[in-house]
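Residues per chain are reported as follows:
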Amino acid sequence: QVHLVESGGGLVQPGGSLRLSCAASGSIFSINDMAWYRQAPGKQRELVARIPSGGSTNYLDSVKGRFTISRDNAKNTVYLQMNSLKPEDSAVYYCNVDVVVAGTNVHMDCWGKGTLVTVSS
């Protein structure tokens, strides 16, 4: 089994910053892509940022220049630094990780339970 634990959400004023973290643990051989998605009430879940094990990151257009995704492979952790937050960034943010299960060649698409980000004055 693989478990994802997210943290860092909360209430912040417009223009403020938050840093989300997502740590993966369990039967992990390796991790490929790591990503953050978000879902606002009444809207579809959307990809915010993705960081592969190698290669360049990609971002949702509306967060480019404000959000930065990074990873610590030694800790199996992905981060999302969010700056200059706007009310429209309010959503539940989900971590998504592509794991190769230890002892197998099986890829597992893992999701966190989500962390709520609210941007409001």
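Analysis parameters
Residues numbered from 1 in each chain as written. Predicted model: local features only at pLDDT ≥ 70, side-chain atom pairs only at ≥ 80, totals over all residues. Heavy atoms only, no water. Helix = DSSP H or I, 4+ residues; strand = E, 2+ residues; numbered from the N terminus. Rg over C-alpha atoms; globule rule 2.2 N^0.38 Å. Contact = heavy atoms within 4.5 Å. Areas by Shrake-Rupley, 256 points an atom, 1.4 Å probe, with all protein chains shown as cover. Lys, Arg positive; Asp, Glu negative; His and termini not counted. Charge placed at Lys NZ, Arg CZ, Asp CG, Glu CD. Disulfide = S-S within 2.5 Å. Phe/Tyr/Trp six-rings, centres within 6.5 Å; stacked < 30°, edge-to-face > 60°. Buried < 20%, exposed > 50% of the residue type's maximum accessible area, 1.4 Å probe, protein only. Lys NZ or Arg CZ within 6 Å of the ring centre and 35° of its normal. Core = buried A, V, L, I, M, F, W, Y, C linked by side-chain atoms within 4.5 Å.

1. What about the overall build of the protein chain?
From N to C terminus, the protein chain includes zero helices and 11 strands. Starting at the N terminus, the α and β elements of the protein chain follow one another as β-β-β-β-β-β-β-β-β-β-β. Taken against the 2.2 N^0.38 rule, which gives 14 Å for 121 residues, the C-alpha radius of gyration of the protein chain at 14 Å falls within 12% of a compact globule. Oriented by its inertia axes, the alpha-carbon framework of the protein chain measures out at about 50 × 25 × 25 Å. For the protein chain, restricting intrachain contacts to residue pairs at least 6 apart in sequence, the fraction spanning at least 24 positions comes to 55%. Carbon and sulfur atoms form 48% of the exposed surface of the protein chain, whose accessible area is close to 6400 Å². When the 11 positive and 9 negative side-chain charges of the protein chain are each reduced to one mean point, those points stand 3 Å apart.

2. Side note on the state of the cysteines
Within this structure, the stated rule accounts for one disulfide. There is a disulfide in this structure between Cys22 and Cys95, and the S-S distance comes to 2.1 Å. What sets the handedness of the Cys22 and Cys95 disulfide is the S-S torsion sign, and at about -80° it is left-handed. One end of the pair, Cys22, is in strand E3 (residues 18-26); the other, Cys95, is in strand E9 (residues 91-101), and 73 residues separate them in sequence.

3. Some remarks on the packing of aromatic side chains
The final tally for this structure, using the stated rule, is one aromatic pair. Measuring from ring centre to ring centre gives 4.9 Å for Tyr37 and Trp111, while their planes differ by 55°; the resulting arrangement is tilted. Taken as a pair, Tyr37 in strand E4 (residues 28-39) and Trp111 in strand E10 (residues 107-111) lie far apart in primary sequence, 74 residues in all. Classification of Trp111 by relative accessible area gives partly exposed; the value is 35%. Just above the ring of Trp111 sits the side chain of Arg45; from NZ or CZ to the centre is 4.8 Å.

4. Topic: the nonpolar core
Formed by 30 residues in total, the largest nonpolar core has its most connected members in Trp36, Val48, Phe67, Val78, Leu80, Met82 and Tyr93. Elements with a contribution of two residues or more to this core: strand E1 (2-7), E3, E4, strand E5 (46-51), strand E7 (67-72), strand E8 (77-82), E9 and strand E11 (115-119). For this core, the element with the highest residue contribution is E9, accounting for five residues.

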